[in-house]
Amino acid sequence: MPLWNVYHPVSAYSDEEKREFAGRVTSLYQAAGLPRFYSVTLFHEVDRGSFYVGGEPVDDRVRVTIDHIARHAEDPARRESVRQRIGAVIQAFATSKGLRCEFHIDETPRELWMIDGLLPPPTGSEAEKLWARENRAIPY
Amino acid sequence: MPLWNVYHPVSAYSDEEKREFAGRVTSLYQAAGLPRFYSVTLFHEVDRGSFYVGGEPVDDRVRVTIDHIARHAEDPARRESVRQRIGAVIQAFATSKGLRCEFHIDETPRELWMIDGLLPPPTGSEAEKLWARENRAIPY
Amino acid sequence: MPLWNVYHPVSAYSDEEKREFAGRVTSLYQAAGLPRFYSVTLFHEVDRGSFYVGGEPVDDRVRVTIDHIARHAEDPARRESVRQRIGAVIQAFATSKGLRCEFHIDETPRELWMIDGLLPPPTGSEAEKLWARENRAIPY
C-alpha cells in the first residue's frame, strides 16, 4: 500500500521526472506515518491507438489507479482531504506537460496483504514505527 | 468511471477495431446518462509467454477488468442487467476474432475519484447533465 | 477469478518459469475446488525507470495484485490461511531470483463476472463441479 498505476502517453515523462513524481507520492504517505517503502508507483506507456476516452483515441491524458491497503479514509471529511491532496500531486504532474488527468482510489482489505512474507504491522503500532524508521520489513 | 482494461493477444485488434470497441463501450454508459468522456478504455497486448489460463499459455483470450465508480448496481436484477449488457459487447468483439473471453467488474468509492481536479457531480444532478451535454469537466 | 497481475523486472523470468509459476497458482485454487481455467495469470515486465518503491527506482521487486471473485475469505482465520498459502507461492518465485516481493488481494462481486457469456455457477454446486471436471465453461 499504496499501489499507484500511472497510465500515460508514450514518452510523456523522462525517468528523472518519473522518479520525482514517485517521490512526491511517497512523501504524501510518509506524512501520514507510513513507511516510505510501502509506496509503489508503476508507470505504463500507452500509445494513442490503445488509449481511448469517450471512444476517441487520445495522447493527452494521464489516468491513475490507486489501491489503498494500509489506511482507509472512514468519514467524508477525511475522504475529501485524501482526494484533494492526491489530486494536487497528480494535477501538478499532468498540467506541467499539458496533459489532462483522472484518478480513482480503491480500498482493499489490510489482512490480505503481505510484504516479503510478513503481514505489515497494525496501524500506529510500535512495529509500524520501526518499519518506518528503518524503511524496511522487519519480523515482529 | 468506467475504466476498462482490456488484455488481449498481440495484434488481435487493429487501431480501428479498438476504436470501434471503445466506442461501443462508451455508448453503453452514455445510454445510462453518463458523460461520454467518463468512459476510459485501455488496451494491453499480452504475448503468449505472459498470458496463462489454468496454468497453460494462451493466445486466444480476451480478459477485461472493469472499475465502476460513478454508478453501482444495487440490487440483483440491476446487477444481472449490467452483466448481460456488458457481456454482450465483450463477447461480440471476442467471437468476431475467434477468441474466448472473461470479465469482472469492481465497484469503487465515488468520493475517491477526480477528473481534472474536480469531484464529478452527483448522480442525476444538473451539473452532471451539463457535463454530459458539453462532454467535458466544468467547475460547478 | 482469480486474476493475478504479476509486475516484475525485465527478463526476470523465462517463459518456462512463468508457466511453472502460473501452474503453482492454478493448483492453489484447484485444491479449493475451483476449475483450473478460472485461474488467469498475466505477467508484465516493468523496466527500472518505471518501477518505484519508496520513490526510488528498483529492479529487484515482484509486485503482485490479485482479484478474488469466486470465493471470498469471510473470517480472520480463513483470511490468514489464504494470505499464508498465497504468500508462500509468491515468495518461492521471488527469492529463487533474489527478488523481494509484495502482494495484495481485492475481493470483487461474484455476480459481476462472466466467462464466455455465462455467469459461473454457484459455489459448491453440481454445475461448478462439472466445470471443474471438464475444465471448461458449459451452459447449465
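In this text the structure is predicted, and so the values were computed from the model without any measurement. (Residues numbered from 1 in each chain as written. Chains lettered and ligands numbered in written order. Predicted model: local features only at pLDDT ≥ 70, side-chain atom pairs only at ≥ 80, totals over all residues. Heavy atoms only, no water.)

Student: For the interface of chain B and chain A, give the residues involved together with the corresponding values.
Tutor: Counting residues at the interface gives 30 residues for chain B and 27 residues for chain A. Carbon and sulfur atoms make up 53% of the surface buried where chain B meets chain A, a total of about 2,600 Å² over both sides. It is Leu 112, Met 114 and Asp 116 of chain B in chain B that bury the most area against chain A; as a group they hold 28% of the surface buried on that side. Linking chain B with chain A are three salt bridges. The salt bridge involving Glu 111 of chain B is made with Arg 79 of chain A; its shortest N-O contact spans 2.3 Å. The tally of links from chain B across to chain A stands at 17 residue pairs in polar contact (both at pLDDT 80 or more). Of all the elements in the fold, those that place two or more residues in the side of chain B that touches chain A are β1 (3-8), α1 (15-30), β2 (40-45) and β7 (113-115) of chain B. It is α1 of chain B that provides the largest number of residues to the side of chain B that touches chain A, a total of six residues. Here strand β6 (residues 100-107) of chain A pairs with β7 of chain B via three bridges, running antiparallel. (Contact = heavy atoms within 4.5 Å. Buried area = accessible area lost by both parts, 1.4 Å probe. Salt bridge = Lys/Arg side-chain N within 4 Å of Asp/Glu carboxyl O. Polar contact = N/O pair within 3.5 Å; in protein donor to acceptor, adjacent residues only side chain to side chain. Helix = DSSP H or I, 4+ residues; strand = E, 2+ residues; numbered from the N terminus. Pairing = 2+ DSSP bridges.)

Student: Pulling in residues and values, what's your account of the relation of the copies chain C and chain A?
Tutor: At an RMSD of 0.0 Å, chain C and chain A line up after a rotation of 120° and a shift of 0.0 Å along the axis. The transformation just described matches what one would write down for a three-fold rotation axis. Within chain C, the C-alpha atom positioned nearest to the axis of rotation is that of Asp 106 of chain C, 5.3 Å from it. Mapped onto chain A, only 4% of the interface residues of chain C are again interface residues, and the two copies thus contact each other with different surfaces. (Least-squares fit on C-alpha atoms with pLDDT ≥ 70 in both.)

Student: Lay out the relation of the copies chain B and chain A in plain terms, naming residues and giving numbers.
Tutor: Each copy of the sequence occupies a distinct position, and chain B is placed on chain A by a rotation of 120° and an axial shift of 0.0 Å, giving an RMSD of 0.0 Å. The two copies present different faces, since only 3% of the interface residues in chain B are matched by interface residues at the equivalent positions in chain A.

Student: Got a sec to walk through the environment of Arg 61 of chain B? Specific residues and values, please.
Tutor: All names here are of chain B. Position of Arg 61 relative to the elements: it lies in strand β5 (residues 61-68). Assessed through its relative accessible area of 16%, Arg 61 is described here as buried. Taking the C-alpha atoms as reference, Arg 61 lies 8.9 Å from Gly 98; in sequence the two are 37 residues apart. Ignoring sequence-local partners within four residues, the contact set of Arg 61 consists of Tyr 7, His 8, Pro 9, Phe 51, Val 53, Leu 99 and Arg 100. Polar contacts involving the side chain of Arg 61 include one to the side chain of Asp 60, which spans 2.9 Å. (Buried < 20%, exposed > 50% of the residue type's maximum accessible area, 1.4 Å probe, protein only.)

Student: Go over helix α2 (residues 76-95) of chain A with me, naming the residues and quoting the values.
Tutor: Taking 1.5 Å of rise per residue, 20 residues should cover 28 Å, and α2 of chain A covers 27 Å from first to last C-alpha, within 8% of that figure. Those residues of α2 of chain A lying buried are Arg 79, Val 82, Arg 83, Ile 86, Gly 87, Val 89, Ile 90, Phe 93 and Ala 94 of chain A. When α2 of chain A is viewed along its axis, its buried side chains cluster within an angular range of 165° and face the same direction. For α2 of chain A, the elements touching its buried residues are β1 (3-8), α1 (15-30), β5 (61-68) and β6 of chain A together with β7 of chain B. (Expected span 1.5 Å × (residues − 1). Arc of directions from axis to C-beta.)

Student: Can you lay out the pattern of salt bridges for me, pointing to particular residues and giving the numbers?
Tutor: For the structure on display, the rule yields 39 salt bridges over all chains. Close ionic contact of Glu 128 of chain B with Arg 71 of chain B constitutes a salt bridge, the shortest N to O distance being 3.0 Å. Residue Glu 128 of chain B is located in helix α3 (residues 126-134), and its partner Arg 71 of chain B is located in the loop between β5 and α2 (76-95); the two are separated by 57 residues in the primary sequence. The structure contains a network of salt bridges with shared partners spanning Arg 71, Arg 110 and Glu 128 of chain A.

Student: If you had to explain the sheet that holds strand β2 (residues 40-45) of chain C to someone new, which residues and values would you point to?
Tutor: Read across the sheet, seven strands follow the order β7(A)-β6(C)-β5(C)-β1(C)-β2(C)-β3(B)-β4(B) without closing on themselves; strand pairing throughout is mixed. Both edges of this open sheet fall to β7 (113-115) of chain A together with β4 (56-57) of chain B, since each of them pairs with a single strand only. In this sheet, β4 of chain B lies alongside strand β3 (residues 51-53) of chain B in antiparallel orientation, the contact comprising two bridges. Within the sheet, the bridge partner assigned to Val 53 of chain B lies in β4 of chain B and is Glu 56 of chain B. Of the strands in this sheet, β3 and β4 of chain B together with β1 (3-8), β2 and β5 (61-68) of chain C are in contact with helix α1 (residues 15-30) of chain C, which crosses β2 of chain C at around 145°. Together, β7 of chain A together with β1, β5 and β6 (100-107) of chain C form the strand contacts of helix α2 (residues 76-95) of chain C, whose direction differs from that of β6 of chain C by roughly 145°. (Axes fitted to C-alpha atoms, helices over the stretch in contact; angles between N-to-C directions.)

Student: With reference to specific residues and values, describe the packing of α1 of chain C against α2 of chain C.
Tutor: All names here are of chain C. At a minimum axis separation of 10 Å, α1 and α2 run at an interaxial angle of 170°. In this view, α1 runs roughly antiparallel relative to α2, as classed from their interaxial angle. Side by side, α1 and α2 meet where Glu 17, Glu 20, Phe 21, Arg 24, Val 25, Leu 28 and Tyr 29 of the first sit next to Arg 85, Ile 86, Val 89, Ile 90 and Phe 93 of the second. (Parallel < 35°, antiparallel > 145°, perpendicular 65-115°, else oblique.)

Student: Before we move on, can you summarise the interface of chain C and chain A with the specific residues and values?
Tutor: Tallying the contact residues gives 27 residues for chain C and 30 residues for chain A. Here chain C meets chain A over a buried area of about 2,600 Å², counting both sides, of which 53% is carbon and sulfur. Scanning the region where chain C abuts chain A turns up three salt bridges. Every element with two or more residues in the side of chain C that touches chain A is listed here: β3 (51-53), β4 (56-57), β5, α2 and β6 of chain C. A per-element tally of the side of chain C that touches chain A places β6 of chain C first, with eight residues. Residue composition of the side of chain C that touches chain A, by class: ten nonpolar, nine polar and eight charged. (Nonpolar A, V, L, I, M, F, W, Y, C, P; charged D, E, K, R; others polar.)

Student: Any chance you could break down the environment of Gly 55 of chain C for me, citing the residues and the numbers?
Tutor: Examined against the element boundaries, Gly 55 of chain C turns out to sit in the loop between β3 and β4. For the pair Gly 55 of chain C and Pro 76 of chain C, spaced 21 residues apart in sequence, the C-alpha separation works out to 32 Å. When neighbours within four sequence positions are excluded, Gly 55 of chain C is seen to be in contact with Arg 19, Ala 22, Gly 23, Thr 26 and Ser 39 of chain A.

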